Amino acid sequence: MTNLASGRTNLEEFADTLLALAKADRDVVVLTSDSRGSGKLVPFGQALPDQIIEMGIAEQNLVGVAAGLAAAGKKVFAVSPACFLTARALEQIKNDVGYSNHPVKLIGISAGVSYGALGTTHHSLHDYAALRAINNIDIIAPADNYETRAAITASLRHPRPVYIRMGKKPMPSLQTASTVFEIGRAITICEGIDVTFVATGETVYPAFMAAKQLETEGLSCRVISMHTVKPLDSDTLLNAGQQTRALITVEEHSIYGGMGEACAAVLMKHRISLPFQIVGIPDEYTVTGSQSEIFDYYGISAGGLAATARSLLEKERAH
Amino acid sequence: MDTQELRRKSIHYRKTILQIIKRASSGHTAGSLSCIDILNVLYNHVMNIRPDNFKDSNRDHYIQSKGHSVEALYVVLADRGFFPVSELETLNCFQSHFVGHPTRKVNGVEHNTGALGHGLSVSVGLALAAKKNGQPHRVFTLLGDGELAEGSSWEALMAARHYRLDNLVIIIDRNTLQISGRTEEVMALEPLVDKFAAFGCAVQTCDGNDIESLVHVFDHLPFKQGCPNLVYARTIKGKGISFMEDAVQWHHKVPNDVEFQAAIHELDAAEAAL
């Protein structure tokens, strides 16, 4: 069962997981861009000073060096705020990691609008779009601590470069210990027949809460954690498209080029037509506020998503 | 290999570079001629990189940051036995793995380059790994001068000194030209040696088109404990072909039949004079 009382941040879970992995394997190294504190890696640095390498505020060099270390056999976690990592160093990601095929683990911290009122410079609402168009990089956004731990652990054995992004909000637990996590395979958190929410990262929780709210109104909702944005789990998506009456995608990303458009392409290709909406951040400079306030403002909340679901079902009835 | 034999190789390499560029009807002619003596000395005198030890992480490493001079690299790798030189006939052809910038699809190439300002960071990573592993090998990287306008090169230099990477050898192909003109007119680099020194490199200058000068400087590696080694190689773009030397239009110009014959004639004469 889900445990909504739990409340560690995915970042803390990431840092603890990484420390455990690194203690067992001297080839695990972490690169930071003056991001040791924000990446919750101070304990890592104290425990394993030889396995953490500070690169300064220089993301391009950080990614290039990460590729070189990986080429020499190191298992490299390059940790930097998602906004800088995936924009400033995009060419290094494309050429030195993806094209040169060095399996670096790019860790985008404080992703999406986690930095809240710090504003647009610090938001990463472009990263899925930018990285989806780059060959040979998988994209993962874990929903909770369990998915975070599983994703980091799986990335160590993953043969390809991978980008994992996470926020810094305490996350309730949505999974159980028996949940199977596999890169590229979505997790269905609850089954339903009326509406499907396909959500990713920290938006899975509000989608789940919307489902609970709609349940009290007699609506049965399916909630899918599409933790791997690329490669997308088409099978799980197509089943949902065929078995439920409306489908809503939810992401902490621009509505352009993200997980929602990826889902739309798969559904259209397979001629599955149903009431459909992409919920994310619209094409505008984000309103000032905390992550929660921004989520509420753009309808990435239990109430907002429930309203979107009702509206889609009404359209379906009218149709 | 003695210096006379290395000189002979440089002439042969220049001929092959011109032949494959002529056949492909594309290539970076002058830049390849600029750096070919450096590559010759590195692969035939300095570095322990061979087809039979290429998978061994304890060998030296080479990253060509100025990826556009790929013809020079392919020609030297072929001569070193990484693949038959005849395969270079497919350079830039449909479905060939000999892409117009270095690619790991080609045996002997360690990293995909071509976008400028990348090779030094990757080399810093390789050198850092060697230090952490206690391995004695060295990492060599060749940079063009035009690419030094990319800020990432200077980020990487800071890190190289910060981590005291004296197992890193940075070679600057200082031919003073880039695609649209003199480096000093496009974006001034001077005083360049002072800049490298200020960033903590141990700098040695040499004539990058003179075999003895190159051999001499590389034989003195490492230059200074705790400092990245920087070989500041003064070169001439288009070196070896009189009408291509120091002429901006030859950056990626392909010789026509007359020019090609004239160039080969000059190289034949140079070989006869050895």
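Procedures and definitions
Residues numbered from 1 in each chain as written. Chains lettered and ligands numbered in written order. Predicted model: local features only at pLDDT ≥ 70, side-chain atom pairs only at ≥ 80, totals over all residues. Heavy atoms only, no water. Pairing = 2+ DSSP bridges. Helix = DSSP H or I, 4+ residues; strand = E, 2+ residues; numbered from the N terminus. Axes fitted to C-alpha atoms, helices over the stretch in contact; angles between N-to-C directions. Contact = heavy atoms within 4.5 Å. Buried < 20%, exposed > 50% of the residue type's maximum accessible area, 1.4 Å probe, protein only. Arc of directions from axis to C-beta. Buried area = accessible area lost by both parts, 1.4 Å probe. Salt bridge = Lys/Arg side-chain N within 4 Å of Asp/Glu carboxyl O. Polar contact = N/O pair within 3.5 Å; in protein donor to acceptor, adjacent residues only side chain to side chain. Phe/Tyr/Trp six-rings, centres within 6.5 Å; stacked < 30°, edge-to-face > 60°. pLDDT = per-residue confidence, 0-100. Core = buried A, V, L, I, M, F, W, Y, C linked by side-chain atoms within 4.5 Å.

### Considerations on the sheet that holds strand β2 (residues 28-32) of chain A
Residue and element names in this part refer to chain A. Spatially, seven strands are ordered β3-β2-β4-β5-β7-β6-β12 in an open sheet, and the strand pairing comes out mixed. The open sheet has two free edges, formed respectively by β3 (52-54) and β12 (228-230), since each of these has just one partner strand. Strand after strand, the sheet turns through a mean of 20° between neighbouring axes, direction not considered. Sitting on the sheet, helix α1 (residues 10-24) is in contact with β2, β4 (75-81) and β5 (105-109), with an inclination near 140° to β2.

### Things to note about helix α10 (residues 259-269) of chain A
All names here are of chain A. The complete set of buried residues in α10 reads M259, G260, A262, C263, V266 and L267. When α10 is viewed along its axis, its buried side chains cluster within an angular range of 160° and face the same direction. Among the exposed residues of α10, those pointing more than 90 degrees away from its buried face are M268 and K269. Backbone geometry just downstream of α10 places R271 in the positive-phi region, at approximately 55°.

### Details of the interface of chain B and chain A
Counting from both sides, the interface comprises 23 residues of chain B and, opposite them, 26 residues of chain A. For the pair chain B and chain A, the two sides together bury roughly 1900 Å², of which 52% comes from carbon and sulfur. When the area that chain B buries against chain A is broken down by residue, the three leading residues are H118, K132 and E155 of chain B, summing to 28%. Taken together, the links from chain B to chain A amount to zero salt bridges. Our count for the contact surface shared by chain B and chain A stands at 13 residue pairs in polar contact (both at pLDDT 80 or more). A total of nine residues in the side of chain B that touches chain A trace back to one element, the largest contributor, which is helix α4 (residues 119-133) of chain B.

### Side note on the packing of aromatic side chains
All names here are of chain B. Overall, the coordinates contain nine aromatic pairs over all chains when judged by the stated rule. With a centroid separation of 5.6 Å and 75° between ring planes, the pair formed by Y43 and Y62 is classed as edge-to-face. Residue Y43 is located in helix α2 (residues 29-46), and its partner Y62 is located in strand β1 (residues 61-64); the two are separated by 19 residues in the primary sequence. A connected cluster of aromatic rings, assembled from ring pairs, spans Y74, F83 and F98.

### A few points about the confidence of the model for chain B
With 100% of its residues at a pLDDT of 70 or more, chain B shows a mean pLDDT of 97. Two numbers describe this predicted complex: its pTM, 0.96, and its ipTM, 0.95.

### As for the nonpolar core
One finds L31, L69 and L237 of chain A together with V124, L168 and F196 of chain B to be the most contacted residues of the largest nonpolar core, which totals 71 residues. Apart from the residues within four sequence positions on either side, F196 of chain B is in contact with L148, W154, L157, I172, C201, V203, L230 and Y232 of chain B. If you look at the next biggest cluster of nonpolar residues, it comprises 60 residues, including F44, V113, I152 and A246 of chain A.

### Things to note about the pattern of salt bridges
Enumeration over the complete set of coordinates arrives at 30 salt bridges over all chains. Residues R310 of chain A and E217 of chain A are paired through a salt bridge, measuring 2.8 Å at the closest nitrogen-oxygen approach. Taken as a pair, R310 of chain A in helix α12 (residues 302-318) and E217 of chain A in the loop between α8 (204-215) and β11 (221-225) lie far apart in primary sequence, 93 residues in all. Judged by its relative accessible area of 29%, R310 of chain A is partly exposed. Looking at E217 of chain A, the relative accessible area reads 41%, which means it is partly exposed. Taken together, the shared-partner salt bridges connect E5, R8, K15, D268 and E271 of chain B into one network.

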